[in-house]
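Descriptive analysis of the structure
Residues per chain are reported as follows:
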Amino acid sequence: MEVSSSLRDAFVHLVKDIFPSLTTQDPLYNALALGAILTVALLLYIVARLVVRPQIANWVYRTNNLWDNALQEHGFFRRLMHLVPALFIFLITPVLIDSESVLHGLMIKSAQLYMLYSGLLGVFALLSTVEDVYNASALSKRAPITGFIQVTKLGFAILTILLSISLIVDRSPLLLVSGLTAIAAVLLLIFRDTILGFVAGIQIAANRMFNTGDWITMQKYEVDGEIQEIGLTNVKVQNWDKTISTLPTYSLTTEAVKNWRGMQESGGRRIKRAVYIDIHSIKLCDSDMLDRFSKVRYISEYIETKTNELRAYHRDYSIDESDLLNSRRLTNIGTFRAYLEAYLRKHPRVNQELTLMVRQLPPNELGLPLELYCFSNRKEWVEYEKIQADIFDHVMAMLDIFDLKAYQRDGHLAHLALASSKPNAAPNSSDAE
């Protein structure tokens, strides 16, 4: 109190030295006091920004901590500098200006609002720092917190607005909160996406459904790419064509979404593709074909085993091998299927610990689907496509070795036309002779 009185007396004496007849009740005195307060507050802010803030920045960059660097990058210290002039105005106004003056109340409320919003910006920077530090840790791989940080920021912003209104109207914030119940329906309509996004964020975090960096596909929204950010109301996904898709957060829990994280965390990426075999090219193997197939690497042992098995069967049941109706014989499609399985078993880029098979699917109008089902040991998109292409290059090239043909509509028709024209070609040639 003594310091305040001496400061006020000194300022009044200074003013009276310039304006001897001036009293503290005159408007000119209030104007001079206001100008002095604002001038000193501005000088304090300049000193804090030009002197104190660089010192803090030097101290921050000298340390090895990441959190203080994040505080500096998000402007936490810069925003706190605004509290210096605001606090000065709040403390010095009652000293120089009478409490009964209208200017006194205006200055006090302005200083309080200044401190309130400066503190809000500081809290925002602090929350952003917490988010950055969390995202840099291993815990961020388990669950994102961006949505929760945004909810917290929204809560502080609403609280600041309520406190601001209560300061301006000079009423308790509790009265304002009780009055909000009358417009609760309107607020629910306004903040519908926010509420749904918050609930969805809790589900996503609790169940570890999605995280930043996950590859997702959503056919409804034509989304196929990696999640860049999971926010309170929106999710940003960068598609593989480098476009950005923005989705409502709650759509991740209400729509059909395929998350490829399981593939990325597993030992391989699935190859599941079929070659359609022309049914007309499927036939029983004769001795010449078996001799030829036995020279193919990977299946020579298979041919020998199967041949011995069939001979034993024919001997046990007294069946002549030339009896086509009752004897059992290998087929070129079955032998080819055995070859492909053996080929995949020896392929260096196929994961041998995961499911591997070559199977026949039900025949249809396109022929007999022969499907290769296995997993590549490389999961990167480009490498995966190379491995898959190399495998099917080999599959298509080996069809001729096993007297098989891949089905093509145009090619099949041309093959039939060529076969039907051959009987007419020979008589014409002999007639010419």
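Residues numbered from 1 in each chain as written. Predicted model: local features only at pLDDT ≥ 70, side-chain atom pairs only at ≥ 80, totals over all residues. Heavy atoms only, no water.

Worth spelling out the cut-off: UniProt positions are given in the numbering used here, feature names are shortened, and annotations may be inferred rather than shown by experiment.
The name that an unreviewed UniProt entry assigns to the protein is Mechanosensitive ion channel protein MscS, with the source organism given as Alteromonas australica. UniProt annotates the protein under Subcellular location (unreviewed entry) with the comment "Membrane".

1. Some details on the pairing of strand β2 (residues 223-230)
To be explicit about the condition: Strands are treated as partners if at least two bridges between them are detected by DSSP. Counting from the N terminus, the helices are DSSP H or I runs at least four residues long and the strands are E runs at least two residues long.
Judged from the four bridges that link them, strand β1 (residues 215-218) and β2 form a sheet pairing that is antiparallel. The residue of β2 that forms the bridge with I216 is G225. Here β1 folds back onto β2 in antiparallel fashion, the turn holding four residues, of which E222 has a positive phi close to 55°. In this structure, β2 lies alongside strand β3 (residues 234-239), joined through five bridges in antiparallel fashion.

2. Concerning the UniProt feature "transmembrane region" (unreviewed entry) in the protein
Residues annotated by UniProt as "transmembrane region" (unreviewed entry) correspond here to residues 28-52, 80-97, 112-130, 151-169 and 175-200. The span residues 112-130 is 100% helical and 0% strand by assignment, and the distance between its end C-alpha atoms comes to 27 Å. Secondary structure content for residues 151-169 is 100% helix and 0% strand, and the end C-alpha separation is 27 Å.

3. Quick word on the pattern of salt bridges
Going by this rule: Put simply, a salt bridge is a Lys or Arg side-chain nitrogen that is within 4 Å of an Asp or Glu carboxyl oxygen. For the exposure calls, accessible area comes from a 1.4 Å probe over protein chains only, and a residue counts as buried if that area is under 20% of its type's maximum, exposed if over 50%, partly exposed in between.
Enumeration over the complete set of coordinates arrives at nine salt bridges. Here D403 ties to K283 by a salt bridge, and the two come within 3.9 Å at their closest N and O atoms. Taken as a pair, D403 in the loop between α16 (381-398) and α17 (409-432) and K283 in the loop between β6 (269-277) and α13 (287-293) lie far apart in primary sequence, 120 residues in all. Its relative accessible area of 23% is what places D403 among the partly exposed residues. Residue K283 is classed as partly exposed on the basis of its relative accessible area, which comes to 40%. Salt bridges linked by common partners bring K272, R359 and E371 together as one network.

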